[in-house]
Amino acid sequence: MLTAKTVRLEGTVLAEATSAGVTQKISQTFQYAVAGPNRFRIEVKGGWNDFVEVADGSSLWISSRDGARGVLYNKAPAPLVDRLFEIPAIAYGRAADNFQSASLHRRETVEAGGRKYDCAVVAASYPALPGLSVSRKGSVAEFKDIRRMVWIDRATAIVVRDIWESTIASSLRPDRHVRWTFDYSLIEWDRPVPDQTFVF
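Residues numbered from 1 in each chain as written. Predicted model: local features only at pLDDT ≥ 70, side-chain atom pairs only at ≥ 80, totals over all residues. Heavy atoms only, no water.

1. A short note on the overall build of the protein chain
Here is step 1: Scanning the protein chain from N- to C-terminus turns up 1 helix and 11 strands.
Here is step 2: When the helices and strands of the protein chain are read in sequence order from the N terminus, they spell out β-β-β-β-β-β-α-β-β-β-β-β.
Here is step 3: Going through the 200 residues of the protein chain one by one, you find that 36% of them count as buried.
Here is step 4: The contacts in the protein chain between residues at least 6 apart in sequence include a share of 48% that link residues at least 24 apart.
Here is step 5: Surface summary for the protein chain: the accessible area is close to 11400 Å², and the carbon and sulfur share equals 51%. (Helix = DSSP H or I, 4+ residues; strand = E, 2+ residues; numbered from the N terminus. Buried < 20%, exposed > 50% of the residue type's maximum accessible area, 1.4 Å probe, protein only. Contact = heavy atoms within 4.5 Å. Areas by Shrake-Rupley, 256 points an atom, 1.4 Å probe, with all protein chains shown as cover.)

2. Examining the pattern of salt bridges
Here is step 1: For the structure on display, the rule yields 14 salt bridges.
Here is step 2: Two residues, Arg-39 and Asp-195, come together in a salt bridge whose shortest N-O distance is 3.3 Å. Placement of the pair is Arg-39 in strand 3 (residues 39-46) and Asp-195 in the segment after strand 11 (176-189), with a sequence separation of 156 residues.
Here is step 3: Between Arg-107 and Asp-118 there is a salt bridge, and its shortest N-O distance comes to 2.7 Å. With Arg-107 in strand 7 (residues 101-112) and Asp-118 in strand 8 (residues 115-126), this pair connects stretches of sequence that are 11 residues apart.
Here is step 4: Several salt bridges share partner residues, and in doing so they unite Arg-8, Glu-10, Glu-188 and Arg-191 into one network. (Salt bridge = Lys/Arg side-chain N within 4 Å of Asp/Glu carboxyl O.)

3. Some remarks on the confidence of the model for the protein chain
Here is step 1: Of the residues in the protein chain, 80% have a pLDDT of 70 or more, and the chain-wide mean is 80.
Here is step 2: Below a pLDDT of 50 lies the segment residues 133-137, which in the model reaches 8 contacts outside its immediate sequence neighbourhood of four places, other chains included. (pLDDT = per-residue confidence, 0-100.)

4. Looking at the pairing of strand 4 (residues 51-56)
Here is step 1: By the bridge criterion, 6 bridges tie strand 3 to strand 4 in an arrangement that is antiparallel. Residue pairing for strand 4: Phe-40 is matched across the bridge by Ala-55.
Here is step 2: Between strand 3 and strand 4, which follow one another and run antiparallel, lie 4 residues, and Gly-47 among them has a positive phi close to 70°.
Here is step 3: Relative to strand 5 (residues 60-64), strand 4 is paired through 5 bridges, and the arrangement is antiparallel. Bridging across to strand 5, Ala-55 finds its partner in Leu-60.
Here is step 4: Between strand 4 and strand 5, which pair antiparallel one after the other, the connecting turn spans 3 residues, and Gly-57 there sits at a positive phi close to 105°. (Pairing = 2+ DSSP bridges.)

Have a look at this one:
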């Protein structure tokens, strides 16, 4: 997916953080379209803010619920893959060298995007979260006990649901348990994306 010419992702993410018996939750919907390293469209709704970001290869525009609107950068922005969790997480999670352990947990049918998928549910553990270096003892905040449960369509190997969780240990505050649940209604790559998608 990281080497594809185009990528589209749609779905929801639920972020949860629990500390001292109190759980906070934020839910968002997202739509991502990528065509080339600097052409993308991000639409996110829910959570703290709704926003749209559009990059046409030379400029990046942003519009948000709080009223911000206009040109954010007048030069090519950083590639979208460097600014998201979902795409690197799928690629990182599939690389065998990144596993500490992995096992087939069960089979389960999951409905997504109006379709039913016969999924293999795999449980795995990792030394780090995607995009973060391996935690070091003695740091102010340390990600520990990083686990993943992923629902993979047996026919196409597409990820339908992806749950990452970890404990954040800190010398400054009580430990927190964090979990991100991604439910994908659309994952596709190397399919045409209309040029109009990248017009603000």
